[in-house]
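Letter by letter, the chains look like this.
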Amino acid sequence: MRKHMIRLPGDYDYVGVYLTNVCHLSCPYCITGHHGASYRAERLRQLIPSQWIEGLNRLELPEGIPVTLQGGEPFLYKGIWEILENVRHKVDILTALPPLLDRERFLRLKTLDWNKRETPYPTIRVSYHKGQNDYKELIRRLAELNDIVSIGLYYLDHPAYEQEEYQEVKRFADEHGVELRKKEFLGLWDGKIYGTFLYEDAVLGQRKGVRVLCRNTVVPIGPDGTVYRCHSDLYFGRRALALGNITDESLEFPRGHLICDNYGLCSECDVKVKTNHHQIYGYTSVDIRFPDRGAIRELQEAKNTDNQGRLLRNARS
Ligand code: SF4
Ligand code: SF4
């Protein structure tokens, strides 16, 4: 049976495709484990490349939105090369550039078109993690890829790192003609929560015990194709709350807000104030409402979509 196209609402800003939860590094601050989430605890089932290609090609994306391959480490998913050659969208990649990944491997691809688009930022974003990988080795390898793909190095601005080290990395990157950017540290360090969040108590690491209405404009898709409502649901593996699977015959994204009882365990990615895909600052992925209990009860009782839409509009006003 022919599967339906999957249309994303026009204001959606990001599609994160988590090809694998496996990674060659073990960063102690890895965001996938915040609040005790189990995302990387054991190897998750993975779709095969043909399932990803079919599913991703069914997505109808808003103008200017790529799919972003990430993980874990997306290059540890062997089928990534097949996906890059056969997906019709532009593709960004978040990686720590595992060893043995070199210029020749990229040049063996039938096309690099997936990487060709005008952006104010590198579309392959390589992260340097102090104590886990070596910035000199990374910068030398990035320099060899610079003329064939859009690529840059991201330095995690961790509160424990000396500013002098950043200057050293910057000098080395400049010498090699490699773009270097800083990445904000998010989460708890030494008793303090770092990051700028629209909803401060959303990332406290424990359920606040309030029932909220939440609407997300990013789409995290897990290694087995599960389409989650938010990053917290992905990292905690809350499949029962998922929107569906990219291999489903049809899949629709909610236009309105959804009920959530996990407020307080939100992922920093979803509630931080950041730039959108145009690099305009002030965007936050989720819109969270705190309606009174009566409005929530009415919403739960709503039996059909029209009725639910009306109630959601009421809850918003
Ligand atoms: S490289 Fe990224 S995914 Fe891997 S452990 Fe470090 S922070 Fe986590
Ligand atoms: S309130 Fe937090 S945990 Fe709940 S759906 Fe929204 S982002 Fe996810």
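Refer to the structure presented above.
First, a word on scope: everything that follows refers to the structure included in this document. Model, not experiment: these values are computed from the prediction.

Let's talk about the overall build of the protein
Alright, step 1. The helix and strand tally for the protein stands at nine helices and 18 strands.
Alright, step 2. If you line up the protein on its principal axes, its C-alpha atoms span 60 × 55 × 35 Å.
Alright, step 3. With 317 residues in all, the protein has 33% of them scored as buried.
Alright, step 4. Look at the contacts in the protein between residues 6 or more apart in sequence, and 76% of them connect residues 24 or more apart.

Side note on unusual backbone geometry
Among all residues save glycine, negative phi is the norm, and among peptide bonds the norm is trans.
Alright, step 1. That bond from G71 to G72 is cis: its omega, 10°, falls within 30 degrees of zero.
Alright, step 2. Examined against the element boundaries, G72 turns out to sit in the loop between β4 (67-70) and α2 (80-86).
Alright, step 3. Positive phi, close to 65°, is recorded for Q279, a residue that is not glycine.
Alright, step 4. Along the chain, Q279 turns up in the loop between β16 (274-275) and β17 (281-283).

Considerations on the site of ligand 1
Alright, step 1. The local shell around ligand 1 consists of C23, L25, S26, C27, C30, T32, G71, G72, E73, A96 and H129.
Alright, step 2. When its residues are assigned to classes, the shell around ligand 1 shows five nonpolar, five polar and one charged.

Notes on the site of ligand 2
Alright, step 1. Not every one of the 15 residues close to ligand 2 is listed here, only the nearest: C214, C230, S232, C260 and C266.
Alright, step 2. For the shell around ligand 2, the elements supplying multiple residues, two or more each, are β11 (212-216), α6 (231-236) and β18 (286-289).
Alright, step 3. For the shell around ligand 2, the class distribution of residues is ten nonpolar, two polar and three charged.

Description of the pairing of β11
Alright, step 1. Among the five residues that make up β11, five are buried, leaving the element largely enclosed by the rest of the structure.
Alright, step 2. Here β11 shows a buried face lined by V212, C214 and N216 and a second buried face lined by L213 and R215.
Alright, step 3. Sheet topology note: the β11/strand β15 (residues 258-260) ladder contains three bridges and is antiparallel. Counterpart to C214 in the pairing with β15 is L258.
Alright, step 4. Pairing analysis gives four bridges linking β11 to β18, with the strands arranged antiparallel.

Parameters at a glance
- Residues numbered from 1 in each chain as written.
- Chains lettered and ligands numbered in written order.
- Predicted model: local features only at pLDDT ≥ 70, side-chain atom pairs only at ≥ 80, totals over all residues.
- Helix = DSSP H or I, 4+ residues; strand = E, 2+ residues; numbered from the N terminus.
- Buried ≥ 20, exposed ≤ 12 C-beta atoms within 10 Å, placed from the backbone.
- Contact = placed C-beta atoms within 7 Å.
- Near = placed C-beta within 6 Å.
- Nonpolar A, V, L, I, M, F, W, Y, C, P; charged D, E, K, R; others polar.
- Pairing = 2+ DSSP bridges.

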